Amino acid sequence: MSSISGSVTKTEAHQAAVTPVRSSLWRQALHRLLKNKLAMSGLIFIVFMLVACFAGPLFSPYADNKINPANMNAAPSLKHWLGTDMLGRDVLTRLLQAGRISLTVGIASMCISVIIGSVLGAVAAYYRGIVDQVIMRVADLLLTIPGLPILFIMGALLSEWKIPSEYRMYIVMLMLSFIGWPGLARLVRSQMLSIREREFMQAAIVLGLNDRRKLFNHMIPNIVPLLIVVATLSIGGAILSESVLSFFGLGVMPPTPTWGNMIDAANNLIDFEKHPWLWIPPGVAIFTTVIAINIFGDGLRDVLDPKQKR
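Residues numbered from 1 in each chain as written. Predicted model: local features only at pLDDT ≥ 70, side-chain atom pairs only at ≥ 80, totals over all residues. Heavy atoms only, no water.

Engineer: Hey, could you run me through the side chain of Ser241 in this one?
Structural biologist: Tracing the chain through its elements places Ser241 in helix H9 (residues 224-247). Overall, the relative accessible area of 19% leaves Ser241 in the buried class. Excluding anything up to four places from it in sequence, Ser241 contacts Leu151 and Leu176. (Helix = DSSP H or I, 4+ residues; strand = E, 2+ residues; numbered from the N terminus. Buried < 20%, exposed > 50% of the residue type's maximum accessible area, 1.4 Å probe, protein only. Contact = heavy atoms within 4.5 Å.)

Next comes the structure, spelled out in structure tokens:
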């Protein structure tokens, strides 16, 4: 009886000791991140873009995007800070609405690819054998084909099948997730193979825990810092890919605005030279947003990855 109570006391003490250690590690990481001025400036800009794009159009008198032929291609003024487009619509309002779509596509496709890649990578590393071979060979097959040609082919199929514009955004999310998960799955698998041989996993096997608890309670939580870094950095790539597709008319189509198809609106020499307010604002928005995301992602990697040394 005394031995049982002694073991219970040791277990409770161990759990009480582990919880503060974990919380202190995350607190230390947050403290180091706050001291990284470059990463925090990137985070502040990202938050600013999210607030501006999602809340800004709600306060704009031009949010209905009514066509105004009398005000086509008007230069920037106090009434229209970034001018108007070829249909007389306010460019600033459409820029914020386009940012809402582009950011949503980037974040959503990142979440889907991270979920699929992390789960498949963890399953492949844990079960090995035929499961590992099937998942990794599919990932290798997708990695051997350049991502941009795959996106172009899929985008051309969407146009051929005449998919409505309001549904293309969701299909583009799935397309970007389709080409994004293989690299993440291989990265997760390599980390999982290392975690699988550690002492706490051997203890979990001895205790007879089921596979679901081993995967989702012990293995995957140990790669959360890696997933956070990869997810942050992949948002920028997804925004760029969506912008390229929309620029070539293979992604989200007008009248739904995105930064890519806003640049495509200035697709002739006259607009390029005479109406720079049509293409410079969305180009600057793409550039600054992707740079801010990458700067913040690099800061996260320095903080969360102990193997990184400056």
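Past the structure itself, the notes keep going.
Engineer: What am I meant to see in a nonpolar patch on the surface here?
Structural biologist: Side chains of Tyr127, Ile130, Val131, Val134 and Val138 sit close together on the surface and give an oily, nonpolar patch of about 440 Å² of accessible area. Within the fold, Val134 resides in helix H4 (residues 129-144). When its relative accessible area of 47% is taken as the criterion, Val134 is described as partly exposed. (Patch = residues over 30% accessible without salt bridge, like charges linked within 9 Å, V, L, I, M, F, W, Y side chains within 5 Å. Areas by Shrake-Rupley, 256 points an atom, 1.4 Å probe, with all protein chains shown as cover. Salt bridge = Lys/Arg side-chain N within 4 Å of Asp/Glu carboxyl O.)

Engineer: Just checking my understanding: could you explain the pattern of salt bridges for this structure?
Structural biologist: As a working rule, side chains carrying opposite charge can pair if their charged atoms are close by. Applying the stated rule across the entire model yields seven salt bridges. A salt bridge links Arg89 to Asp85; the nearest nitrogen and oxygen atoms lie 2.9 Å apart. Note on accessibility: Arg89 and Asp85 belong to one class, buried. Each of Asp85, Arg89 and Arg94 takes part in one network of salt bridges that share partners.

Engineer: I tried to follow the packing of aromatic side chains on my own but got confused; where do I start?
Structural biologist: How two aromatic rings sit relative to each other is given by the distance of their centres and the angle of their planes. With the rule as written, the count across this model stands at five aromatic pairs. Pairing Tyr126 with Tyr127 gives two aromatic rings, centres 5.0 Å apart and planes at 90°, and the pair type is edge-to-face. Among the aromatic residues, those joined into a ring-pair cluster are Phe152, Phe247 and Phe248. (Phe/Tyr/Trp six-rings, centres within 6.5 Å; stacked < 30°, edge-to-face > 60°.)

Engineer: Just to check I follow, could you spell out unusual backbone geometry for this structure?
Structural biologist: Trans is the prevailing form of peptide bonds, just as negative phi is the prevailing case for residues other than glycine. For the bond running from Pro254 to Pro255, omega is 10°, close enough to zero to count as cis. Assignment of secondary structure puts Pro255 in the loop between H9 and helix H10 (259-264). Notably, Arg128 is not glycine yet its phi reads approximately 55°, a positive angle. Of note, Arg128 is situated in the loop between helix H3 (91-127) and H4. At Lys162, a residue that is not glycine, the phi angle is positive and equals roughly 55°. Inspection of the secondary structure assignment puts Lys162 in the loop between helix H5 (147-160) and helix H6 (165-196).

Engineer: Got a minute to help me understand the environment of Arg189 in this structure?
Structural biologist: Secondary-structure assignment places Arg189 in helix H6. Remark: the alpha-carbon pair of Arg189 and Gly117, spanning 72 residues in sequence, is separated by 9.2 Å.

Engineer: Can you help me understand the nonpolar core in this one?
Structural biologist: By size, the foremost hydrophobic cluster in this structure holds 46 residues, and its most contacted members are Leu33, Met192, Met219, Ile239 and Trp259. Those elements giving two or more residues to this core turn out to be helix H1 (2-35), helix H2 (37-55), H3, H6, helix H8 (211-219), H9, H10 and helix H12 (280-304). Tallying contributions element by element places H3 first for this core, with ten residues. In contact with Met192, other than residues within four places in its own chain, are Ala122, Ala125, Met219, Ile220 and Ile223. Membership of the second largest hydrophobic core comes to 13 residues, among which are Val105, Val172, Ala238 and Leu245. (Core = buried A, V, L, I, M, F, W, Y, C linked by side-chain atoms within 4.5 Å.)

Engineer: Sorry if this is basic, but what is going on with the UniProt feature "domain: ABC transmembrane type-1" (unreviewed entry) in the protein chain here?
Structural biologist: Mapped onto this numbering, the UniProt entry annotates "domain: ABC transmembrane type-1" (unreviewed entry) at residues 99-297. Within residues 99-297, the helical portion is 81% and the strand portion 0%, while the C-alpha atoms at the span's ends are 20 Å from each other. (UniProt positions renumbered as here; feature names shortened; annotations may be inferred.)

Engineer: When you look at the packing of H5 against H9 in this model, what are you seeing that I'm missing?
Structural biologist: The packing of two helices is summarised by the inter-axis angle and the distance between the axes. With their axes 11 Å apart at the nearest point, H5 and H9 run at an angle of 45° to one another. Taken as axis vectors, H5 and H9 run oblique relative to one another. Along this stretch, H5 crosses H9, giving a crossing that reads as right-handed. The segment H5 lies against H9, with Leu148, Leu151 and Phe152 engaging Ser241, Val244 and Leu245. Looking at side-chain class alone, the contact of H5 with H9 contains five nonpolar, one polar and no charged residues. (Axes fitted to C-alpha atoms, helices over the stretch in contact; angles between N-to-C directions. Parallel < 35°, antiparallel > 145°, perpendicular 65-115°, else oblique. Left-handed = near helix turned anticlockwise from the far one by under 90°. Nonpolar A, V, L, I, M, F, W, Y, C, P; charged D, E, K, R; others polar.)

Engineer: Any chance you could explain the UniProt feature "transmembrane region" (unreviewed entry) in the protein chain here in plain terms?
Structural biologist: Look at the UniProt record and you will see "transmembrane region" (unreviewed entry) annotated at residues 38-59, 101-126, 138-158, 170-188, 223-250 and 277-300. Counted over residues 170-188, helix gives 100% and strand 0%. Its end C-alpha atoms are 26 Å apart.

Engineer: In this structure, what is going on with the environment of Asn222? I would like to understand it.
Structural biologist: Structurally, Asn222 is set in the loop between H8 and H9. What makes Asn222 partly exposed here is its relative accessible area of 39%. Considered as a pair, Asn222 and Gln191 are 31 residues apart in the sequence and their alpha carbons are 9.2 Å apart. With residues up to four places along the chain from it excluded, the contact list for Asn222 reads Ile195 and Phe200.

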